[in-house]
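# Per-entry structural report
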Amino acid sequence: MAFFKYHARDHEAKELTKGTIEAENRKDAMAKLRAMGLTVLSIEQTFKNPDQKAAVKKSFLDIFREKTDSIVIAIMKKLKL
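Residues numbered from 1 in each chain as written. Predicted model: local features only at pLDDT ≥ 70, side-chain atom pairs only at ≥ 80, totals over all residues. Heavy atoms only, no water.

### Comments concerning the pattern of salt bridges
- Enumeration over the complete set of coordinates arrives at one salt bridge.
- Across the salt bridge formed by K5 and E44, the nearest N and O atoms sit 3.9 Å from each other. You can see K5 sitting in strand β1 (residues 2–9) and its partner E44 sitting in strand β3 (residues 39–46), a full 39 residues away along the chain.
- Take K5: its relative accessible area is 38%, and that puts it in the partly exposed class.
- With relative accessibility at 44%, the residue E44 sits in the partly exposed group. (Salt bridge = Lys/Arg side-chain N within 4 Å of Asp/Glu carboxyl O. Helix = DSSP H or I, 4+ residues; strand = E, 2+ residues; numbered from the N terminus. Buried < 20%, exposed > 50% of the residue type's maximum accessible area, 1.4 Å probe, protein only.)

Rendered as structure tokens:
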């Protein structure tokens with residue numbers, strides 16, 4: 001399942017609503033929102049919570065640092081430093 005952040009209006013077009021909904025895909029998310037009586041103004045796939053996003057960024061930075069360290073060590077060995 002994926003998560004989608006949305007902005008929508010109620011069926012009377014009076015109130016603006018925003019939130020996150022879980023669905024198989026974007027089409028399914030739109031259908032669920034319509035079934036709730038909402039008119040979708042915008043929708044995009046997102047992470048369930050900010051912690052998941054931070055974890056992805058952290059793991060990417062850890063991998064980048066490890067690769068950079070490996071390159072520096074290889075260069076130092078070549079130069080016999």
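Text resumes after the structure shown.
### Let's talk about helix α1 (residues 26–35)
- Within the sequence span of α1, burial applies to A29, M30 and L33. The arc that holds every buried residue of α1, seen down its axis, measures 100 degrees, which confines them to one face. Exposed side chains of α1 directed beyond 90 degrees from the buried face belong to K27, R34 and A35.
- Near the N-terminus of α1, the side chain that reaches the backbone nitrogen of K27, with its oxygen 3.2 Å away, is that of N25.
- One or two residues past the end of α1 sits G37, with phi positive at roughly 85 degrees. (Arc of directions from axis to C-beta. Polar contact = N/O pair within 3.5 Å; in protein donor to acceptor, adjacent residues only side chain to side chain.)

Everything listed here is a matter of coordinates, which is why it stays silent on function.
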